[in-house]
Amino acid sequence: MLNFSNLSLRRGKRLLFADATFGLFRGEKVGITGENGSGKSSLLGLVRGELTPEGGSFEMPAQLAIAYVSQELLASEREAIEFVLDGDAELRQIEAALTEAERRDDGVLLGELHGRYAAIGGYDAASRAAQLMHGLGFDSGDERRPVSAFSGGWRVRLNVAQALMCRSDLLLLDEPTNHLDLDAIVWLEGWLIAYPGTLLLISHDREFLDRVVNRVVNIEHGKARAYRGNYSSFEEQRATELSQQAALYTRQQREIKHMESFVERFRAKASKARQAQSRLKALERMQRIAPAHVDSEFEFSFAPPAKLPRPLLALERQSAGYEGRAVIAGMNLTIGPGDRLALLGRNGAGKSTVMKLLAGQIGALAGTRTEARDLRIGYFAQHQLEQLKVADSPLQHLTECSEALGKRAPEADLRDFLGGFGFRGDRVFEPVAPFSGGEKARLVLALLAYQRPNLLLLDEPTNHLDLEMRQALAVALQEYEGAVVLVSHDRHLLRVVADELLLVHAGAVAPFDGDLEDYARWLASSGVATEVPAALASARPAPRAEAANAAGAPAAAAAAAAARGTPEARKQRKRAQAERRSALGPLRAALAEQERELAQLLATRSQVERQLALPAAELAGDRKRLKELALQQAELSRLISGLESAWIEAAARLEALAAQQQGVD
């Protein structure tokens, strides 16, 4: 389908890679990997026709329908769902032709156009667009909001939805998970696996790549080469290639021994909890893939904290929010050295609010906070990238950090430290203003590591980081002696770092007694994730983190009771479930009746469309009948559209009521 022959590609004055020869076939899912600046996005630009080869040739079939995510974040007043529907160009062309045919009262053309419209799924297009938006994290009420009402990150999601709406043969995605949270990533993963066309995917999320792709094109050292299998298979093949170089083989053996020490150390203390066992398996896997990364330019560690008091931080019945409104209520959490916690929860559930509360960035609305006298917090959040001094260099930033700690380290030591984060040579003297997002994120991590914190709060630390830097961060966190609280959509990092998961849901923070597979099943089973299955909030003795009751927060109390699993809690849960069934029953019945009526209308319209799809010669002599059929089809489409809108509103009401009552389950 796509043929690259002795291809050389240049961007500006820089030759990205040369003499690349490989073919990609119809239906393949291809991951494109390589360090930042290696030429991954330029390769997609070549396929889109925006770049031409420096040498060699690139060929693909003519008339290939290509979909890709626009990089423009337009602030238009167009309704979000209409913006998504614009992704199907043929749909819009037929709609425009229908409008013109109706204006001219051309019955024959109307019949042909309605037949084409039905053939491409035009009558279901709005429903498909709404499903795409919902899967990417939008609420049902967002569909009719103007694009300009959304922030930049949500406009990126709209661009992704618009690309997925296109009925394409070839789909090009460049870092599609960057602005998605974990539940949206899980949904997108399933969508791409089912996608029937050819996929070219750039991603720094190794688990996402592993689950979606079946081939890898890796770009490094001025070469582009294709490998069979998913990303893990590529790592194994690359490790074998590197082992054939004597110097790297020695480093591989040293790295294997290094990782073995992590595995054995954690095996000795790992609990039987599902996530702890999941972390053990992930560490064993890290041990296997370590040889594929021995030539990485990133190698750093977090120095041992000066002091490790126990506990480091304790929150008791704390509530937090904004403008007096609690987002999190009744939170109890005690953090000690060596703890590895990860926060899970839907977008907007309050994960970043919890992190800001832990960091002391926002004050509590209620409850008490007890800090150890020697607590030193290192807090990573995306806004800190914007707080770097754009005129200063990495060396100036680190020098200032060193002086703030009461010492003046030699420049050579500071440069060596920065080298572990990929800042070498003249790069350490250059102002950070033109740095990429990945470089700025690496610099912020370097500044955090240098301060020797004993509590690390990492809120989406892997955004903008490439695969090699993510791997280096995962390894560095294994040796870190302090505590870690992590929010991330990178499942590989969650698996290898966290041995306890906390679910932020319905205003409460409670232990999640499961692993990431259980969390994905919870998301799938609950649809919009408004219910926590009792099996996943089961009892365990004296949990360190639990949701407690707070005034005005019955959902938090119910979550805490479910987490403790007491007899009273089980009785309360059964009673609440019965009440919920009683309250939701009439709404579900009404929804089912609407679905039956919708099915009847769709069946009737299908019969009309089959008649309209007859050869033109059979209907040419009966223009009156043709016009009647076209009008009947238009009326049915109008009724269906209205009923679909009513169904969506009813479903939203049902979801809202379920969300209000879910805390008692």
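Visitor: Whenever I open this one, the pattern of salt bridges confuses me. Can you help?
Guide: Pairing between side chains of opposite charge can happen when the charged atoms of each approach one another. Across all of its chains, the model carries 33 salt bridges by this definition. The shortest N-O distance in the salt bridge between R92 and E95 comes to 2.8 Å. On the criterion of helical spacing, the pair formed by R92 and E95 is a turn pair, its members being three residues apart in helix 3 (residues 89-104). A salt bridge links R427 to E439, with the shortest nitrogen-to-oxygen separation between them at 2.7 Å. Within this pair, whereas R427 is found in the loop between helix 15 (411-419) and helix 16 (437-450), its partner E439 is found in helix 16, the two being separated by twelve residues in sequence. Three or more residues joined by partner-sharing salt bridges are found here, namely R78, E79, E82, D86, R92, E95 and R144.

Visitor: How should I be thinking about helix 7 (residues 182-194) in this particular structure?
Guide: For helix 7, spanning 13 residues, the distance from its first C-alpha to its last is 19 Å, which sits close to the expected 18 Å at 1.5 Å a residue. All buried positions along helix 7 are accounted for by L182, D183, A184, I185, L188, E189 and L192.

Visitor: I keep staring at the sheet that holds strand 16 (residues 483-487) and nothing clicks. Help me out?
Guide: Strand pairing within a sheet occurs via backbone hydrogen bonds; the two strands may be parallel or antiparallel. Across the sheet, which stays open at both edges, the six strands sit in the order 14-15-16-12-17-18 with mixed pairing between neighbours. In this open sheet, the two strands that pair with only one neighbour each are strand 14 (377-380) and strand 18 (508-511). When strand polarity is set aside, the average angle formed by the axes of neighbouring strands in this sheet is 20 degrees. In this sheet, strand 16 lies alongside strand 15 (residues 455-459) in parallel orientation, the contact comprising five bridges. Within strand 16, the residue paired with L457 across the bridge is V485. Lying on the sheet, helix 12 (residues 351-359) is in contact with strand 12 (340-344), strand 14, strand 15, strand 16, strand 17 (500-505) and strand 18; it crosses strand 15 at an angle near 155 degrees.

Visitor: Please clarify how the side chain of R491 should be interpreted in this entry.
Guide: You can see R491 is positioned in helix 18 (residues 491-497). For R491, a relative accessible area of 4% gives the class buried. Ignoring anything within four residues of it in the chain, the contact list for R491 reads L182, I185, V186, E189, E207, F208, R211 and L516.

Visitor: Hey, could you run me through helix 12 in this one?
Guide: Given 3.6 residues per helical turn, the α-helix brings residues three or four places apart onto the same face. Where burial is concerned, most of helix 12 is hidden: seven out of the nine residues are buried. Listing the buried residues of helix 12 in full gives K351, T353, V354, M355, L357, L358 and A359. Note on helix 12: the residue one or two positions beyond its end, G360, has a positive phi of about 80 degrees.

Visitor: What should I look at first to understand the pairing of strand 12 in this one?
Guide: For a regular strand, side chains alternate in direction, first toward one face of the sheet and then toward the other. In terms of residue burial, strand 12 counts as a mostly covered element, since five of its five residues are buried. Residues R340, A342 and L344 line one face of strand 12 and the alternating positions L341 and L343 line the opposite face, and both faces are buried. Of the strand pairs in this sheet, strand 12 and strand 16 are connected by three bridges, and their pairing is parallel. Paired with A342 across the strands is L486, a residue of strand 16. Sheet topology note: the strand 12/strand 17 ladder contains four bridges and is parallel. When the bridges of strand 17 are listed, L344 appears paired with L503.

Visitor: Got a minute to help me understand the packing of aromatic side chains in this structure?
Guide: The geometry of an aromatic ring pair comes down to the distance between the two centres and the angle between the two planes. Overall, the coordinates contain 14 aromatic pairs when judged by the stated rule. Ring plane angle 70 degrees and centroid distance 5.0 Å describe the contact between Y227 and F234, whose orientation is recorded as edge-to-face. Judged on exposure class, the residue Y227 and its partner F234 are both buried. Relative to Y450, the ring of F417 has its centre 5.2 Å away and its plane inclined at 75 degrees; by these criteria the two rings are edge-to-face. Of this pair, F417 sits in helix 15 while Y450 is found in helix 16, placing the two residues 33 residues apart along the sequence. Its relative accessible area of 21% is what places F417 among the partly exposed residues. Joined through ring pairs, the aromatic side chains of F4, F22 and F58 make up one cluster. Residue placement shows R157 over the ring face of W154; its charged tip is 4.1 Å from the ring centre.

Visitor: Mind showing me how you'd approach unusual backbone geometry here?
Guide: Negative phi characterises most residues that are not glycine, and trans characterises most peptide bonds. Looking along the chain, the bond that leaves R310 and enters P311 is cis, with omega of -5 degrees. Tracing the chain through its elements places P311 in the loop between helix 11 (274-289) and strand 10 (313-322). For E175, which is not glycine, the phi torsion reads 55 degrees and is therefore positive. If you trace the backbone, E175 turns up in the loop between strand 6 (170-174) and helix 7. Using a relative accessible area of 14% as the deciding quantity, one classes E175 as buried. With a phi close to 55 degrees, H221 is a non-glycine residue in the positive phi region. Mapping H221 onto the fold places it in the loop between strand 8 (215-220) and strand 9 (223-228).

Analysis parameters
- Residues numbered from 1 in each chain as written.
- Predicted model: local features only at pLDDT ≥ 70, side-chain atom pairs only at ≥ 80, totals over all residues.
- Heavy atoms only, no water.
- Salt bridge = Lys/Arg side-chain N within 4 Å of Asp/Glu carboxyl O.
- Helix = DSSP H or I, 4+ residues; strand = E, 2+ residues; numbered from the N terminus.
- Expected span 1.5 Å × (residues − 1).
- Buried < 20%, exposed > 50% of the residue type's maximum accessible area, 1.4 Å probe, protein only.
- Pairing = 2+ DSSP bridges.
- Axes fitted to C-alpha atoms, helices over the stretch in contact; angles between N-to-C directions.
- Contact = heavy atoms within 4.5 Å.
- Phe/Tyr/Trp six-rings, centres within 6.5 Å; stacked < 30°, edge-to-face > 60°.
- Lys NZ or Arg CZ within 6 Å of the ring centre and 35° of its normal.

What is shown is where atoms sit, not what they do.
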